[in-house]
Every structure is written in C-alpha cells, then in structure tokens.
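What follows is the residue order along each chain.
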Amino acid sequence: MTGARDSGGRALLLDLDRTLVDLQSFTDYDAAWAQVRDLLEGAELPSAPQTGWPSGTRACMAAISGIADVELWHRVSSAIEAHERAAIAESRPMPDLAEFWKATAELPRGVVTLLPESVAREVLTRHGLLAEGAQGREVVVVGRDPLIRPKPSGDGLRSALGRLAGSAGSVSALMVGDSTWDALAARDAGCDFVGVHAPPGEFDSVDPRPTAVAGLRDVLRVLS
C-alpha cells in the first residue's frame, strides 16, 4: 500500500484505545469511577461532549478533562491508571493493525491518547508498535498530562505536531480516532479527521460531520 507513503509530507495522528488497540473493553472503568467519585467528594465537573463510550469510561475521561486542580488531577489519574495498567495484558489489536502499521511506517506518526503516556507506551510495545529497531520513523506519544488540555481540546495534537515538525516538514495532519472527542480535538487543532471503529451515530453531533470508515484498511484507502 504505497499510497500511504506518498501523502505529501502530511503527518498521521492517531488515537490509541479502540483505534489501534482495544484496552477499553478490558479496563474496569466502573470500578475506577467509583474510586474517582470518592476523590471528587461531590464536586461537579463541567459537561463533556457526548460519546458512545460506556458510562464508566465517559465519567472517568470527563473527570480527567474537567479537573483544574493539579494535585487532585494526579490522584484521580493514578486511580484510573491502576485499572488501565491491569488491562494491558488482555488488550487486543484492532483488525488489520499490522497491515496498517506497516503501510504507514514511513509517515511521521504521533499517538495522542487519553491514557497516561507510560501506559500508552506499554500497550504500543506489547503489540510491537514501538519495537526497538522497528522499520519506519520514531513514533511520538502524547498521553494525558495535567499541563496539556486533553481531548476534546486539540492541545495534545498540537503538541504532537510540534514534535513531529522536523520530520513532517509541515503542520498538516490527518487525525484518526474512534470518538466524538477525537473529532472535536482534530477540528480544534485544524487537522483533517477520519473516524474508525465507531458505533453508528457517534459523529452525528459533530458539525460538519466527519468522514467515518469501518476499519484501518479503509483508512489506508483514504490516505491513498
């Protein structure tokens, strides 16, 4: 699939969970949310964009995106991270991941995720996506950080593009993700977006509605 390699210097930004690898299905976000709720002690969080995530997942991610106090943010993030890290061994690659990763190896690539960077790197390494000596360019990883506004903000994407600028030669990028939050982050960062592995209607609230495809093999066709 050589077309993915001839994309005019455009960088490729990727969500991780349920886009490249399924960690969410094996993470007990309901249990994590029960812990987070106790840490918040009844504090109200700003409303978050709708998405098809299960309620526990959405509540945890809404907390991460809505907490301004750095100390509390770290306590909440650590509580959630314990459950995310416990699921790494059970995580599964999304269909056609190996083909997709090989076909895009020569593109500047960044993974922008709501997972902690350390967890993201462990997941990527487990599935051979950050293997030492792997063919292709170095992959930039931007995980959740109290100093970087998370999705649906585009700050994480902008951070990744800044680190990719030397190899990309341009700030132009295509973002690939599975949720409304990914689509809104791409729009905020001025990136093109393609949805993948999303439930029906996931992007109905995004205006204009983005392109959505079934799987990673279809993303390759978009890149071509």
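Along each chain, residue indices are assigned from 1 in the same order as the chain's sequence is written. The predicted origin of the model limits local features to residues at a pLDDT of at least 70 and limits the giving and counting of side-chain atom pairs to 80 or more, whereas totals for whole chains, interfaces and linings rest on all residues. Note: side-chain values were computed over all heavy atoms of the structure, leaving out hydrogens and water.

Asker: Mind showing me how you'd approach the side chain of Thr180 here?
Answerer: Strands are runs of DSSP state E lasting at least two residues, helices are runs of H or I lasting at least four, and both sets are numbered from the N terminus onward. With respect to the helices and strands, Thr180 occurs in helix H7 (residues 180–189). We call a residue buried when its accessible area falls under 20% of the maximum for its residue type, exposed when it is over 50%, and partly exposed in between, using a 1.4 Å probe and counting protein chains only. The exposure class of Thr180 is buried, given its relative accessible area of 1%. Setting aside its immediate chain neighbours within four residues, Thr180 contacts Pro49, Gln50, Thr51, Glu202, Phe203, Ser205 and Val206. Any two residues whose heavy atoms approach within 4.5 Å are treated as being in contact.

Asker: Where do I start with the pairing of strand E7 (residues 192–196) in this structure?
Answerer: In regular strands, side chains alternate between the two faces of the sheet. The buried count for E7 comes to four of five residues, which makes it a mostly enclosed element. Being paired, for any two strands, means DSSP has found at least two bridges between them. Taken together, the four bridges between strand E6 (residues 173–177) and E7 define a ladder with parallel strand orientation. Bridge pairing in E7 places Met175 opposite Phe193. This β-α-β element, E6 to H7 to E7, shows right-handed connectivity. As defined by bridge partners, E7 adjoins strand E8 (residues 211–213) across three bridges and the pair is classed as parallel. The partner of Val196 across the bridge, within E8, is Val213. Seen with its strands pointing away from the viewer, a crossover is right-handed when the path leading from the first strand over the helix to the second is clockwise.

Asker: Would you take a moment to explain the sheet that holds strand E5 (residues 139–142) for this structure?
Answerer: Strands in a sheet are paired, the pairing made by backbone hydrogen bonds, and the direction either parallel or antiparallel. With parallel pairing, the six strands of this open sheet are ordered in space as E5-E4-E1-E6-E7-E8. Two strands close off the open sheet at either side, each with one partner strand: E5 and E8. Pairs of neighbouring strands in the sheet enclose a mean axial angle of 25 degrees, with direction left out of account. Note on geometry: axes are lines fitted to C-alpha atoms, helical ones only across the stretch in contact, with angles between N-to-C directions running from 0 to 180 degrees. Contacts from helix H8 (residues 216–223) reach strand E1 (11–14), E6, E7 and E8, with the element oriented near 155 degrees to E7.

Asker: I tried to follow the environment of Val119 on my own but got confused; where do I start?
Answerer: Structurally, Val119 is set in helix H5 (residues 117–126). Expressed as a C-alpha distance, the spacing of Val119 and Glu81, which sit 38 residues apart in the sequence, is 7.7 Å. When near neighbours in sequence (up to four residues on either side) are disregarded, Val119 contacts Leu23, Glu81, Glu84, Arg85 and Ile88.

Asker: Even after reading the chapter, I still don't get the packing of helix H3 (residues 70–86) against H5, so can you show me in this structure?
Answerer: Axis angle and axis distance: for two packed helices, these are the angle between their axes and the distance between the axes, and together they describe the pair. Relative to each other, H3 and H5 sit at 5 degrees, their axes nearing to 10 Å. Comparing their axes, H5 and H3 come out roughly parallel. On H5, the residues touching Glu81, Glu84 and Arg85 of H3 are Ser118, Val119 and Glu122. Each residue gets one of three labels, nonpolar for Ala, Val, Leu, Ile, Met, Phe, Trp, Tyr, Cys and Pro, charged for Asp, Glu, Lys and Arg, and polar for the others, Gly among them. Tallied by class, residues from the contact of H3 with H5 come to one nonpolar, one polar and four charged. Here the angle decides the label: under 35 degrees means roughly parallel, over 145 means roughly antiparallel, 65 to 115 means roughly perpendicular, and every other value means oblique.

Asker: Sorry, what's going on with the packing of aromatic side chains here?
Answerer: Aromatic ring pairs are defined here through the distance separating the ring centres and the angle between the ring planes. Stacked, tilted and edge-to-face are the three classes applied to pairs of Phe, Tyr and Trp rings, where Trp contributes its six-membered ring and a pair requires centres within 6.5 Å; stacked means planes under 30 degrees apart, edge-to-face means over 60, and tilted covers the rest. Following the criterion strictly, the structure yields two aromatic pairs and no others. Geometrically, the ring pair formed by Trp53 and Trp181 is tilted, given 4.9 Å between the ring centres and 55 degrees between the ring planes. Residue Trp53 is found in the loop between helix H1 (29–40) and helix H2 (55–66), and its partner Trp181 is found in helix H7; the two are separated by 128 residues along the sequence. Residue class for Trp53 comes out buried when judged on its relative accessible area of 14%. A residue is classified by how much of its surface remains accessible, and Trp181, at 0% relative accessible area, is buried. Seen from their ring centres, Phe193 and Phe203 are 5.6 Å apart, and the 70 degrees between their planes marks the pair as edge-to-face. Within this pair, whereas Phe193 is found in strand E7, its partner Phe203 is found in the loop between E7 and E8, the two being separated by 10 residues in sequence. Residue Phe193 is classed as buried on the basis of its relative accessible area, which comes to 10%. Looking at Phe203, the relative accessible area reads 5%, which means it is buried. Look at NZ for Lys and CZ for Arg. If either is within 6 Å of the ring centre and within 35 degrees of the ring normal, a charge sits over the ring. If you follow Arg109 out to its NZ or CZ, it ends over the ring of Trp101, 3.8 Å from the centre.

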